[in-house]
Structures are given as C-alpha cells and as structure tokens.
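In case you want the letters, here they are:
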Amino acid sequence: MIDIALGSQMTYVPEYFHQLYLGLEEMRCFMSASHPLADKELDLESFLHYPHVVVSLGGGPNMPLENRLNELGKTRKIGFRTPHYLNALDVLSQSEMLFNTSPIVPEKFLQQFKLVNKAIPFQLSGTKYYLSWPPTLHKDPAHRWFRKLCVDVIKNNLNYHKHVTKSPNIL
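What comes next concerns the included structure. Please read these numbers as outputs of a predicted model, since none were measured by experiment. Along each chain, residue indices are assigned from 1 in the same order as the chain's sequence is written. Note on the predicted model: pLDDT of at least 70 is required for a residue's local features to be given, and 80 or more for side-chain atom pairs to be given and counted; whole-chain, interface and lining totals, by contrast, use all residues. As a rule here, side-chain values come from all non-hydrogen atoms in the structure, and water together with hydrogens is ignored.

## Remarks on helix α3 (residues 85-93)
Now for step 1: Looking at α3, one finds that the buried residues are A88, L89 and L92. Seen along its axis, α3 keeps its buried residues to an arc of 95°; they face one direction.
Now for step 2: In this structure, the buried side of α3 is in contact with β3 (28-32), β4 (52-55), β5 (78-82), β6 (98-101), α4 (110-113) and β7 (115-119). Each residue gets one of three labels from its accessible area relative to the maximum for its type: buried under 20%, exposed over 50%, partly exposed in between, using a 1.4 Å probe on protein chains only. The way it works is that DSSP assigns letters per residue, a run of H or I at least four long becomes a helix, a run of E at least two long becomes a strand, and they are numbered from the N terminus. By definition, the arc is the one covered by directions from the helix axis to the C-beta atoms. Note on definitions: a residue-residue contact is assigned when non-hydrogen atoms from the two residues lie within 4.5 Å.

If you want it as structure tokens, here you go:
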C-alpha cells in the first residue's frame, strides 16, 4: 500500500488518489566540474555533441526533453540509462556525459560528486511536482500532519521554481 508519493506530471497516479500541486521547477543540465563545458556557456550544438545520462523511473513515454528536441528536429545521444539518481551522478562525475533533470535531487550532491549545472540551451517546460495519497488516508490526523511536513520540506527544496506561496489546505 502507498501512504504518500512525490511525483511529477510524468508519473502515473490513479485518478481516485488525492493530489496536491507543490510547484514547478526548471530543468537544468548537470555535468562534472571537470567537463570541457563546465566553464563555458552551453549552446545547443555543444548540448547535442556529448552523450547523456537518463534516469528512468519506469514512468510513461512522456519525456519532455525528447519531445522538445523532436520539435526542434534534433536528437541527443544516450550514453547511459539507470533507474537510480545516485548511480547517474556517480557516472556523470567520472565522464563527459550530461544529465538533464529537475535539480531537486542532484543539487544536494554537487560537492560530493563535483558537479556543476547550467541552464538548458532552449525553452523547455519545467517539472510540476505533486504529492499524492490514497483516499483511505485522506482524513487520518497523523497522515494530515505528515502531508504538511512533506509539503514544507519539498517546497523548501525546490531551487529553480515557482510554487504555491501559502500552505494549502490539505484536509
């Protein structure tokens, strides 16, 4: 049974689950601090020249970055796929690959993995974050307390964001 889940617009959530919008975060391009592009402005040609790390958590086919590149008539090279963010960051730190993602997770590990991040060199919609939970827990007082805690922690960790400014009613 799922008590609570943090997901995005790319995450399948049963329609009977409750959902709370938390915010929108811009995608960023991460790379090793020793990457040839680390001290340069990132342009589309350079962005496409290097292979990319992709984290796939088993979601659907909606990949906003691929969709946008298709609209531009471009494709990127995938050098490594993994379901684990930390695995992606480790590979990234030891290679010349690029990793495009919302910074909510990798921002916490910039120093540990010696990474830098840059703006993606084209317009791209951000990641919309949602908190989801089953209807069986909706009125539970302990779960309401936990949801509020989750909302506060997550909203404080959205770095490149636009979010709801006041704490929502999560009754």
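Having seen the structure, we can now continue with the description.
## Side note on the pattern of salt bridges
Now for step 1: When a carboxyl oxygen of Asp or Glu is within 4 Å of a side-chain nitrogen of Lys or Arg, the pair counts as a salt bridge. Per the counting criterion, the structure on display carries three salt bridges.
Now for step 2: Residues R68 and E71 are paired through a salt bridge, measuring 3.1 Å at the closest nitrogen-oxygen approach. Note that R68 and E71 are positioned in helix α2 (residues 64-71) at a spacing of three residues, about one turn of the helix.
Now for step 3: K148 is paired through a salt bridge with D152; the nearest N and O atoms lie 2.9 Å apart. Of this pair, K148 and D152 both sit in helix α5 (residues 141-157), four residues apart, roughly one helical turn.
Now for step 4: For K148, a relative accessible area of 37% corresponds to the partly exposed category.

Any functional reading would require information beyond the geometric quantities listed.
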